[in-house]
Structures are given as C-alpha cells and as structure tokens.
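# Observations on the model geometry
One letter stands for each residue in the lines below.
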Amino acid sequence: MKTAQNQQQTAPGTFTAFARFVLCGGGVGLASSFAVAGLASWIPWVLANAFVTAVSTLLATELHARFTFGAGGRATWRQHAQSAGSAAAAYAVTCVAMLVLQQLVTSPGAVLEQVVYLTASALAGVARFVVLRLVVFARSRSQAAATAPARPVHTAVARASAPADPAALCPAA
C-alpha cells in the first residue's frame, strides 16, 4: 500500500521541467494537429479545432501536473482553469502576431508566416511554462512540502569535559 509520502514527488529542476514541458506539450500539440485534420473531415473546422483544443488542454494539464512539474497527482479544477487561461493567452499572442504580420506585409509567403507563427508560439510557450511553473503548479509543491513530515536535524554539540573532582565542581564541598 502506498502512503502519501511515497506518492509525493519532488519538484524537478527548471531545465528538467522545461524539457518535460516541451516533450508533453509538443507531443500533445502534434497529436492535436492530426486530430483536428481528421475531425474536420466530419464537422466544420472551427468546431473541430475548438473541441480538440479543449481536450488537448485538459490532457496537457494532466500531463504537466503528473509528469512535468511533479505535483504528485491529478490536476485540480483550479489548475485546469488556470492552465486554460494561459493557453487562451498563448492563442491570443499567436493571433496578434499573425494579424500584425498581415498589416506589415501585403502578401507574406508561407515561410514567413511559419517563422512568425512559430516564433510567437515559442515565446508564448516559454511564457506559459513560467506561468504554469510559478503560479499554477507552485501551490502544489508548497502544499506538498508543508505536508511532508519534518526530518530531524542532527547537530554536533561540543561540550566541555566536566572535572571529575567534586571539589572542583562545587567550591563549598
């Protein structure tokens, strides 16, 4: 039987967490792109994209809670909501970047569009990582640390040796 202490995970370092974030987010993103394309053959693309975005955000949040940030279990509804908010903000950043490109360049080529979109996605992804690490999943780590049993602190105490002679211990003796 697993105890709560065994189920708790230590929070990974920043580099490890970022690598896991890219792996999980990239994997979910890649699968989502195929899912949208497949689903769009049955329903309108806008609905397919909305559905896949919602499902992929839920899946990615669970992966981030369990694997990326070491929260030690399932994501809470609050974490799902905060993660969805950060995903919506990232979506807005990529949309704004593409709108700005359309305003600055009359007819951008596919390569320029991809460079702008991927750059905006990368910047939004880094910002999203920071938000998820410092805000969304930070409470889980602090709560886990607060509920972890305290380890005893062992200190070395230097003691002066006491004289063995009773007269030296008490001059009145």
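For the structure itself, look to the data block above.
Residues numbered from 1 in each chain as written. Predicted model: local features only at pLDDT ≥ 70, side-chain atom pairs only at ≥ 80, totals over all residues. Heavy atoms only, no water.

## Some remarks on helix H2 (residues 14-39)
For an α-helix, the turn length of 3.6 residues means that residues three or four places apart are oriented alike. Formally: Under the DSSP-based scheme used, a helix requires at least four consecutive residues in state H or I and a strand at least two consecutive residues in state E, with every element numbered from the N terminus. Expected helix span is computed as 1.5 Å times (number of residues minus one). Partly exposed describes any residue whose relative accessible area lies between the buried limit of under 20% and the exposed limit of over 50%, with all areas from a 1.4 Å probe on protein chains only and scaled to the type maximum.
Compared with an ideal rise of 1.5 Å per residue, which puts 26 residues at 38 Å, H2 spans 36 Å between its outermost C-alpha atoms and is within 8% of the ideal. Looking at H2, one finds that the buried residues are Ala17, Phe21, Cys24, Val28, Ser32 and Val36.

## With respect to the pattern of salt bridges
In plain terms, the rule: The salt bridge criterion pairs a side-chain nitrogen of Lys or Arg with a carboxyl oxygen of Asp or Glu, the two atoms within 4 Å.
By the definition in use, this model includes two salt bridges. Between arginine 66 and glutamate 62 there is a salt bridge whose closest N-O contact spans 3.2 Å. Within this pair, arginine 66 and its partner glutamate 62 are both found in helix H3 (residues 45-68), separated by four residues, close to a single helical turn. With a relative accessible area of 13%, glutamate 62 lands in the buried category.

## Digging into a nonpolar patch on the surface
Spelled out, the test is: Exposure above 30% relative accessible area and the lack of any salt bridge qualify a residue for a patch; like charges then connect within 9 Å, and the nonpolar side chains Val, Leu, Ile, Met, Phe, Trp and Tyr within 5 Å. Only the protein chains shown count as covering a residue, and every accessible area follows the Shrake-Rupley method with a 1.4 Å probe.
Together, Val126, Val130, Val131, Leu134 and Val135 make up an exposed nonpolar region whose accessible area comes to about 380 Å². Locating valine 130 in the fold gives a position in helix H5 (residues 110-136). Residue valine 130 is classed as partly exposed on the basis of its relative accessible area, which comes to 39%.

## What to know about the packing of aromatic side chains
Put simply, the rule reads: Between rings of Phe, Tyr and Trp, where Trp is taken as its six-membered ring, a pair exists when centres lie within 6.5 Å; planes separated by under 30 degrees are stacked, by over 60 edge-to-face, and by other angles tilted. For a ring to carry a charge above it, either NZ of a lysine or CZ of an arginine must fall within 6 Å of the ring centroid while also lying within 35 degrees of the normal to the ring plane.
Enumeration according to the criterion identifies five aromatic pairs in this entry. Relative to phenylalanine 129, the ring of phenylalanine 18 has its centre 5.1 Å away and its plane inclined at 85 degrees; by these criteria the two rings are edge-to-face. Of this pair, phenylalanine 18 sits in helix H2 while phenylalanine 129 sits in helix H5, and the two are 111 residues apart along the sequence. Accessibility expressed as a relative area gives 30% for phenylalanine 18, which makes it partly exposed. Relative to phenylalanine 129, the ring of phenylalanine 21 has its centre 5.4 Å away and its plane inclined at 65 degrees; by these criteria the two rings are edge-to-face. Placement of phenylalanine 21 in helix H2 and of phenylalanine 129 in helix H5 is noted, with a sequence separation of 108 residues between them. The two residues phenylalanine 21 and phenylalanine 129 agree in class, both being buried. Between the NZ or CZ atom of arginine 20 and the centre of the ring of phenylalanine 67, over which it lies, the distance is 4.7 Å.

## Details of H3
Which entries qualify depends on this criterion: By definition in these notes, contact holds between two residues if any of their heavy atoms fall within 4.5 Å.
Taken together, the buried positions of H3 are Ala48, Asn49, Val52, Ser56, Thr57, Ala60, Thr61, Glu62, His64, Ala65 and Thr68. Looking at the packing, one finds that the buried side of H3 touches H2, helix H4 (77-104) and H5. Downstream of H3 by a residue or two, glycine 70 has a phi angle that is positive, lying close to 60 degrees.

## Quick look at the nonpolar core
For clarity, the threshold we go by: We define the nonpolar core as a collection of buried residues of types Ala, Val, Leu, Ile, Met, Phe, Trp, Tyr and Cys that are connected through side-chain atoms lying within 4.5 Å of one another.
Core analysis: the largest hydrophobic core is formed by nine residues, namely Ala17, Phe21, Ala65, Phe69, Ala75, Phe129, Leu132, Val136 and Phe137. Of all the elements in the fold, those that place two or more residues in this core are H2 and H5. Here this core takes three residues from H5, the largest share from any one element.

## Observations regarding the side chain of arginine 128
Quick reminder of the rule: In this tally, Asp and Glu contribute negative charge and Lys and Arg positive charge; neither His nor the terminal groups of the chain are included.
Along the chain, arginine 128 falls in helix H5. Summary of buried charges: arginine 128 has no salt-bridge partner, and the nearest side chain of opposite charge, glutamate 62, is 12 Å away. With near-sequence residues (within four places) excluded, arginine 128 lies in contact with Phe21, Thr57, Ser83, Ser86 and Ala87.

## Some thoughts on the packing of H4 against H5
What counts is decided by this rule: Here, axes are lines fitted to C-alpha atoms. For helices the fit covers the stretch in contact, and angles between N-to-C directions go from 0 to 180 degrees. Orientation is classified from the angle alone, with under 35 degrees giving roughly parallel, over 145 giving roughly antiparallel, 65 to 115 giving roughly perpendicular, and any other angle giving oblique. If you view the pair so one helix is near and one far, a crossing is left-handed when the near helix is turned anticlockwise from the far one by less than a right angle, and right-handed when it is turned clockwise. Three residue categories are used. Nonpolar comprises Ala, Val, Leu, Ile, Met, Phe, Trp, Tyr, Cys and Pro, charged comprises Asp, Glu, Lys and Arg, and polar comprises the others, including Gly.
Contact geometry of H4 with H5 gives a least axis separation of 9 Å together with a crossing angle of 155 degrees. Judged on the interaxial angle alone, H5 and H4 are roughly antiparallel. Crossing geometry of H4 relative to H5 is assigned as right-handed. Packed against H4, whose contacting residues are Gln79, Gln82, Ser83, Ser86, Ala87, Ala90, Val93, Thr94, Ala97, Met98, Leu101 and Gln102, the element H5 presents Leu112, Glu113, Val116, Tyr117, Ala120, Ser121, Ala124, Arg128, Val131, Leu132, Val135 and Val136 at the interface. Grouping the amino acids of the contact of H4 with H5 by side-chain chemistry returns 15 nonpolar, seven polar and two charged.

Function cannot be read off these values alone, since they describe shape.
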